[in-house]
Amino acid sequence: MGSQQSRNEQIANGASDLVRARDQLLSEATRGSGNSRHPRLDAEGLRAALVDLFELWLTTKGSEVGITPDSGLAVVAVGGLGRREMLPYSDLDLVLLYDDVDPKRVAEVADQLWYPLWDAHIKLDHSVRTVPQALRVAADDLTAALGMLEARHIVGDEGLSTLLVTGVRRDWRAGIRSRFDGLIQQAEARWRRSGEIAHRAEPDLKNGRGGLRDIQLLDALAIAQLTDAMPGLGPDVPGGGLKQAHRRLLDVRTELHRVAGRARDQLRAQDADEIGAALRIGDRFDLARTLSDAARTVSYSAEVGLRTAGNSLPRRGLARLRRMPVRRPLDEGVVEHAGEVVLARDARPQRDPGLILRVAAASAQTGLPMSATTLNRLSEDAPELREPWPKDALNDLLVLLGSGRNAIDAIEALDRTGLWGRLFPEWGVVRDLPPRDAIHTWTVDRHLVEAVVQASALSTRVARPDLLLLGALLHDLGKGRPEDHSVVGAELATQIGKRLGLWPSDVRTLAAIVRHHLLLPDTATRRDLDNPDTVLLVVKALDGDAQLLELLHALAEADSLATGPGVWSDWKASLIAELVRRCKLSMAGDELPEPDPIPEELIAKAEGGGVHVELRPGEGRYQHVVTIVAPDTPGLLSEAAGVLAVHSLRVLSASLNGAGKSAIDTFVVAPRFGDPPDPGLLRQELIRAINGDLNLADVLARKEREAGGAQRSPYAQARPRVKWTETGEPGRVLLELRAEDRIGLLSRLAGALAGVGANVCWAKVVTMGAAVVDAFCLDLGSTDTPERRAEIEAAILATVPPQQPKKSPESDEEIESGRVF
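As the structure is a prediction and not an experimental result, all values here were calculated from the model.

## Remarks on the sheet that holds strand β7 (residues 340–343)
Spatially, β5-β6-β7 is the arrangement adopted by the 3 strands of the open sheet, whose pairing is antiparallel. The two strands at the open ends of the sheet, each matched to only one other strand, are β5 (328–331) and β7. Across the sheet, the mean angle separating the axes of adjacent strands is 40° when strand polarity is ignored. In this sheet, β7 lies alongside strand β6 (residues 334–337) in antiparallel orientation, the contact comprising 4 bridges. Following the sheet pairing, V335 is matched in β7 by V342.

Right under this line is the structure:
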């Protein structure tokens, strides 16, 4: 009895020695020379030393209590020790396995192993099982199964440990199909509870989205042979990729344990400066930036891993007999396959620098994710866009930015794989940059993308939605530097605008948007609006530019909404609206659109009569100019635009005019994929439509159903708006439609106008990414009454995608007056 008591005391002392040795490691790791706080033993070295220390204690004590290679007993580590990621105060997760051993003997060994650890106040999660029992637990409990996938032999009968490890992994692979949904549900529930690490002031490094649990999730999917545990993210991935992100999270959590003096997963704000200094990262803002980068890399990798795993799941029953998924064309060189946006088989990324943006635009428009393989291929092969960008690339960027919330995931995927930084090298300064003020919810780069999302919902309130979206994307790009971010940002906007290929006047406007993006909110909330000098100050700053004022008004709202809850209020909105109203009264109005001049050769062709269709190359690689000359009939514009849409030609701009009894319509178009049809075929189809032999409405409806099949919302991002302007000519008015584009929109608009008997004298149509600004000069004659305009407006609005129902201002006048918000 005395001998047994002495033995127990020795074991207990051994556990005390373990604690003292751990504390000594922490002391040596923390203590530096002189006044320096830089540790001699870095976080990674400390984890390795702790793994060695605990393994040494377990193997020594295991041998002392009889856990030997031929004992029928084995100790297996799971959790941090199993992963070789032992943190200073991590739980010790152990399984004692046994086979054909007397239960009393097993209980005695377990007590001799567990009690010293408990007495030394080491947190212990333990179990005692046979291999079949452990396998049954793993089969019934998803959390237990995930833990046992990390199991590693420590001491004793290695054959038992091997049976457990191989058995758990074999059963995991065999049963993954039935457990996959539960795995996703468990991860999503954890994300809801703990939030995103990248955007939390005090993030949960273990359970938050983008945390260490997500890396373990990737490992589990890799063990199931459904995905790669360390997916390649491309050669230019920011932050060094998933491996570096994993180490960063572990380092911060290791230092968090050391600072707190106990196990802790949530990084507290008061500890951030000390942890940042100890890891030689910097202050709390530098630490927040490092964590944001790491967490977003992990989060994106987990998203890709789950998607790849879902597509790789083994099929059973009738599912095995289904044919391979159809590759549906989305754009030139871009198709949908198995629920992802991928490259077409004949795509040549090495020769097509604009392919990156076409893929991203297709992803944002359809709501489908970009394949990780596609992004890796683009990252490795696609050349950089030369300055200035071709118009096709700029248009695809605008489509991406105008896609609402779908743009967030698309831009995030580009950014995590290094492609966004290739398009915008200036982005690196604001990437993962934490806000300096608590009112901001997001990092600066995410705030810019959120502002773009908000701006896309306001795009119909301005005549230049393209400049609004670009201004939203760039307005805070000057942050992260010691100078005034608005001044620096204006310089960057000028640089970027030239690279994008904007007109010089548009470059100046874009720079002015960034330079003055705070002008309206600052002036409206800090100055007396009844003082004439206040209005004069704004008008002078904007050089009397009414269009710039309109853009800044919309951006002020988008910026505030993207900042955080409560930043945009009725009070703030009404003050800015009143300031804008007063400024407009002192500014010159916008210039009215005018018809384009008609080349003499087209006038001559019109005088000759007949139907003529010409097609020639346009300015961009994929742009073409289609000119149609035909006898002017009420439905001709609808039929001409419909024929173009039926042949998958997107109308980027159009000038619609006439001479004598003929219409002369010029369209700048881009094929959705492939080459444009032969002009002879277009002419033949147009004649069929004119003669009533081609039902364009049915064909367009079918094409729209097919094209919108993926996940595209039936609603527009922004509410469509109709604006009426007097021309000064009796009976003639300008009707301007601002709306989101859709297949065959121009054909539908023209058909609606013809249907209500509105005579179109001329028209100018412009598509800016996903938005259209179409101006029609209508000759209403003596029928120009409010009732007549209301009839025409209703017909026009019936052709465009409706906005998702929600509370919103009812008119431009109400927006400008601040009466409705």
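The rest of the description comes next.
## Quick word on the confidence of the model for the protein chain
Of all residues in the protein chain, 91% attain a pLDDT of 70 or more, and the chain-wide mean is 89. A low-confidence stretch, residues 1–12 (pLDDT under 50), is modelled with 13 contacts involving residues beyond four sequence positions or located in other chains. In this model residues 33–39 is a low-confidence stretch, pLDDT under 50, and it forms 11 contacts with partners more than four residues away in sequence or in other chains.

## Re the packing of helix α15 (residues 406–416) against helix α17 (residues 444–456)
It is at 10 Å that the axes of α15 and α17 come closest, and there the two elements cross at 150°. Of the two possible hands of crossing, α15 and α17 adopt the one that is right-handed. Contacts between α15 and α17 involve I408, I411 and D415 on the former and, on the latter, D445, R446, V449, E450 and V453. Considered class by class, the residues forming the contact of α15 with α17 number 4 nonpolar, no polar and 4 charged.

## Looking at the environment of A43
With respect to the element layout, A43 can be found in helix α2 (residues 43–64). Given a relative accessible area of 4%, A43 falls into the buried group. Along the sequence, A43 and A795 sit 752 residues apart, while their C-alpha atoms lie 68 Å from each other.

## A closer look at the pattern of salt bridges
Per the stated rule, a full pass over the model turns up 55 salt bridges. Across the pair D506 and R464 runs a salt bridge whose closest N-O atoms are separated by 2.9 Å. Of this pair, D506 sits in helix α20 (residues 504–515) while R464 sits in the loop between α17 and α18 (465–474), placing them 42 residues apart in sequence. Judged by relative accessible area, R464 falls into the buried class, the value being 16%. Beyond isolated ion pairs, a larger network of salt bridges with shared partners links D293, R296, E412, D415, R416, R431, D432 and D445.

## Quick word on unusual backbone geometry
In the segment running from E387 into P388, the intervening peptide bond is cis, with an omega of -5°. Assignment of secondary structure puts P388 in the loop between α13 (372–381) and α14 (391–401). Residue H121 is not a glycine yet carries a positive backbone phi of 65°. Following the sequence through the fold, H121 ends up in the loop between α4 (103–119) and β3 (124–129).

## Describing the environment of R683
Tracing the sequence through the fold places R683 in helix α27 (residues 679–690). Separated by 54 residues in sequence, R683 and V629 place their C-alpha atoms 10.0 Å apart. Non-local contacts of R683, meaning those with residues more than four positions away in its chain, are made with V611 and V613.

## Let's talk about the nonpolar core
Counting residues in each nonpolar core, the largest one holds 95 residues, and the members touching the most others are L397, L400, W420 and F424. Residue contributions to this core peak at 9 residues, all from helix α23 (residues 546–561). If we skip the residues at most four places from it in the chain, L397 touches L357, W389, W420, F424, L470 and L500. By size, the runner-up hydrophobic cluster in this structure holds 52 residues, among which are A630, I743, A763 and A795.

The rules behind these values
Residues numbered from 1 in each chain as written. Predicted model: local features only at pLDDT ≥ 70, side-chain atom pairs only at ≥ 80, totals over all residues. Heavy atoms only, no water. Pairing = 2+ DSSP bridges. Helix = DSSP H or I, 4+ residues; strand = E, 2+ residues; numbered from the N terminus. Axes fitted to C-alpha atoms, helices over the stretch in contact; angles between N-to-C directions. pLDDT = per-residue confidence, 0-100. Contact = heavy atoms within 4.5 Å. Left-handed = near helix turned anticlockwise from the far one by under 90°. Nonpolar A, V, L, I, M, F, W, Y, C, P; charged D, E, K, R; others polar. Buried < 20%, exposed > 50% of the residue type's maximum accessible area, 1.4 Å probe, protein only. Salt bridge = Lys/Arg side-chain N within 4 Å of Asp/Glu carboxyl O. Core = buried A, V, L, I, M, F, W, Y, C linked by side-chain atoms within 4.5 Å.

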